[in-house]
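# Examining the three-dimensional arrangement
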Amino acid sequence: QLQASGGGLVEAGGSLRLSCAASRRPFRINAINWYRQPPGKVRELVAGTRNGGAIEYSNSVKGRFIVSRDDNLNTVYLQMNSLKPEDTAVYYCKLNAYWLDLGSIDLWGQGTQVTVSS
């Protein structure tokens, strides 16, 4: 399971850090993706790892959001800086990870609400 946290209400220009913790340490994390779903809109990819491990960001967040990970804590993060009202959304993490007993599995966090006031 993935447990997401860190959302909340922040003023424009502020920062938040979202966390997504795996309940069991995987043997390997294959991919990390962060999505968001603004009110009334479809879910969109915000940032994610690609082949070779490089992280790509959507144009709307490039230069403001940073993906990181702490393997000791089985946790991935989305640092969000210079937040804008249009960043308001429910944010979801998704991991593709490999466990020796389970193989590779896609896991989704439960979503965490981020609201940016103007």
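Note that the structure is a prediction, hence the values are computed from the model and not measured. Counting from 1, residues in each chain are numbered in the order their sequence is written. Given that this is a predicted model, residues contribute local features only at a pLDDT of at least 70 and side-chain atom pairs are listed and counted only at 80 or more, while totals for whole chains, interfaces and linings are drawn from all residues. Side-chain figures throughout are based on the complete set of non-hydrogen atoms in the structure, without hydrogens or water.

## What to know about the overall build of the chain
- Across its full length, the chain carries 0 helices and 11 strands.
- Computation of the radius of gyration draws on C-alpha atoms, with the globule rule given as 2.2 Å multiplied by the number of residues to the power 0.38. The C-alpha radius of gyration of the chain comes to 14 Å, within 12% of the 13 Å expected for a compact globule of 118 residues.
- Seen through its principal axes, the chain has C-alpha atoms that stretch 45 × 25 × 25 Å.
- Throughout this description, buried means an accessible area under 20% of the type-specific maximum (1.4 Å probe, protein chains only), exposed means over 50%, and partly exposed covers the range between. Here the chain holds 118 residues, and 43% of them are scored as buried. Segments assigned H or I by DSSP are reported as helices when at least four residues long, segments assigned E as strands when at least two residues long, and all are numbered from the N terminus.

## Regarding the pairing of strand S1 (residues 2–5)
- Burial along S1 is one-sided: Leu2 and Ala4 are buried, and none of Gln3 and Ser5, which face the opposite way, are.
- The criterion for strand pairing is that DSSP finds at least two bridges linking the strands in question. Bridge count for S1 against strand S3 (residues 16–22) is 4 bridges, and the pairing is antiparallel. Following the sheet pairing, Ala4 is matched in S3 by Cys20.

## Focus: the sheet that holds S3
- Pairing is antiparallel across the open sheet formed by 4 strands, whose spatial order is S1-S3-S8-S7. Strand pairing shows two members of the sheet lacking a second neighbour, S1 and strand S7 (65–70), which therefore form its edges. Taking each pair of neighbouring strands and ignoring which way they run, the sheet shows an average axis angle of 15°.
- Sheet analysis places S7 next to strand S8 (residues 75–80), joined by 6 bridges and oriented antiparallel. What sits directly across from Arg69, in S8, is Val76. In this description, a line fitted to the C-alpha atoms serves as the axis of each element, helices being fitted only across the stretch in contact, and the angle between N-to-C directions of two axes falls anywhere from 0 to 180 degrees.

## Examining the environment of Leu83
- With respect to the element layout, Leu83 can be found in the loop between S8 and strand S9 (89–99).
- Its relative accessible area of 2% is what places Leu83 among the buried residues.
- Residues count as neighbours in contact if any of their non-hydrogen atoms are within 4.5 Å of one another. In this view, Leu83 contacts Val10, Ala12, Gly13, Gly14, Ser15, Leu16, Arg64, Phe65 and Val116; residues no more than four positions away in its chain are not counted.

## Points about the state of the cysteines
- Our working definition of a disulfide is a cysteine sulfur pair at a distance within 2.5 Å. One pass over the full model with this rule turns up 1 disulfide.
- Between Cys20 and Cys93 runs a disulfide, and the two sulfur atoms are separated by 1.5 Å. Placement of the pair is Cys20 in strand S3 and Cys93 in strand S9, with a sequence separation of 73 residues.

## Looking at unusual backbone geometry
- Even without being a glycine, Asn74 presents a positive backbone phi close to 55°.
- Considering the arrangement of structural elements, one finds Asn74 in the loop between S7 and S8.
- Even without being a glycine, Ser82 presents a positive backbone phi close to 50°.
- With respect to the element layout, Ser82 can be found in the loop between S8 and S9.
- Take Ser82: its relative accessible area is 40%, and that puts it in the partly exposed class.

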